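Report on the structure
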Amino acid sequence: MPVDAPRPETVTTTGRGPLTWLLAGLAVVVIAVVAAVALLGGDDAEVPLADGTGAGSATEGDAEAGAEPTVTRLEPGEETGRCMTPTAEALAQQPLAFEGTVVGIDDGVAVLEPVEFFAGRATDRVEVAAPTESQQALIGSVALEEGARYLVAAADGRVVGCGLSGRAEPDLAEMYAEAFNR
């Protein structure tokens, strides 16, 4: 004869109630707002970008009014001992790229007056520490000369050598035009 075994309880499920969906929707909105603030917020000062947009764009009138010029400071590239073949694709990945003319050299620092920024934040001038002779030989750093025009790419505060920076010669200018859709 069968022994009286306990019968399993019947479990019933119900659909999600309106309060559950409301809370889920609010959670999504909160996450979206936090992500937007993290991506877009932070610094209220607008800095001009390479395309010339931004409320903080430096104009000729700003310089005449006695405003301090904005400056980008760069060091020569690091000695890695290896260079890849320079390509427009590699150049396009650099966070800073500009064309400028050396207007002065003082204590091993070349001051360039930018003509055009292709990538990165636009500033009124760029100061580049002179590369050592070994950097010039090893990674193709360029010796900057007063009055000469250069195309310069930089990452992490350092000039990128290896053929991605140099005098504004036609071949390099063509690579910059291709990399930055000019």
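Owing to the predicted nature of the structure, the values given are computational and were not obtained by experimental measurement. (Residues numbered from 1 in each chain as written. Predicted model: local features only at pLDDT ≥ 70, side-chain atom pairs only at ≥ 80, totals over all residues. Heavy atoms only, no water.)

This part covers the confidence of the model for the protein chain. In this model, the protein chain carries an average pLDDT of 75, and 57% of its residues clear a pLDDT of 70 or more. Averaged pLDDT values over the elements of the protein chain bottom out at 45 in helix α2 (residues 60–64) and peak at 96 in helix α5 (residues 170–179). Predicted confidence for residues 42–63 stays below pLDDT 50, and this span has 24 contacts to residues more than four positions away or in other chains. (pLDDT = per-residue confidence, 0-100. Helix = DSSP H or I, 4+ residues; strand = E, 2+ residues; numbered from the N terminus. Contact = heavy atoms within 4.5 Å.)

Once that is clear, we can look at the environment of L91. Here L91 shows up in helix α3 (residues 88–92). On the basis of relative accessible area, L91 is assigned to the buried category, the value being 0%. Linking L91 and V160, residues 69 residues apart in sequence, is a C-alpha distance of 9.2 Å. Those residues in contact with L91, other than ones at most four positions away along the chain, are A153, L164, M175, Y176, A179 and F180. (Buried < 20%, exposed > 50% of the residue type's maximum accessible area, 1.4 Å probe, protein only.)

Summed over all chains, the structure comprises 1 disulfide. Disulfide pairing places C83 opposite C162 at an S-S distance of 1.9 Å. The sign of the S-S torsion, about -60°, decides the handedness of the disulfide formed by C83 and C162: left-handed. Placement of the pair is C83 in the loop between β1 (71–74) and α3 and C162 in the loop between β6 (158–159) and β7 (166–167), with a sequence separation of 79 residues. Residue classification places C162 among the partly exposed positions, given a relative accessible area of 22%. (Disulfide = S-S within 2.5 Å.)

The next subject is the environment of A168. Following the sequence through the fold, A168 ends up in the loop between β7 and α5. The spatial distance from the C-alpha of A168 to the C-alpha of A148 is 8.4 Å, given a sequence separation of 20 residues. In this structure A168 touches E99, R149, Y150 and L151, once residues within four positions along its chain are discounted.

Buried residues of α5: L172, M175, Y176 and A179, and no others. Seen along its axis, α5 keeps its buried residues to an arc of 100°; they face one direction. In this structure, α5 carries P170, E174 and E178 as exposed residues pointing more than 90 degrees from its buried face. Summarising the contacts, the buried residues of α5 are in contact with α3, β2 (96–106), β3 (109–119), β5 (149–155) and β7. One or two positions beyond α5, positive phi appears at N181, with a value near 50°. (Arc of directions from axis to C-beta.)

So, about the pairing of β5. For β5, the tally of buried residues reaches 5 of 7 residues, placing the bulk of the element in the interior. Summarising the sheet, β2 and β5 pair through 6 bridges and their orientation is antiparallel. If you follow A97 over to β5, its bridge partner there is A153. Note that β5 and β7 share 2 bridges and pair antiparallel. From the neighbouring strand, Y150 faces β7, where its bridge partner is R167. Judged from the 2 bridges that link them, β5 and β6 form a sheet pairing that is antiparallel. Residue pairing for β6: A154 is matched across the bridge by V159. (Pairing = 2+ DSSP bridges.)

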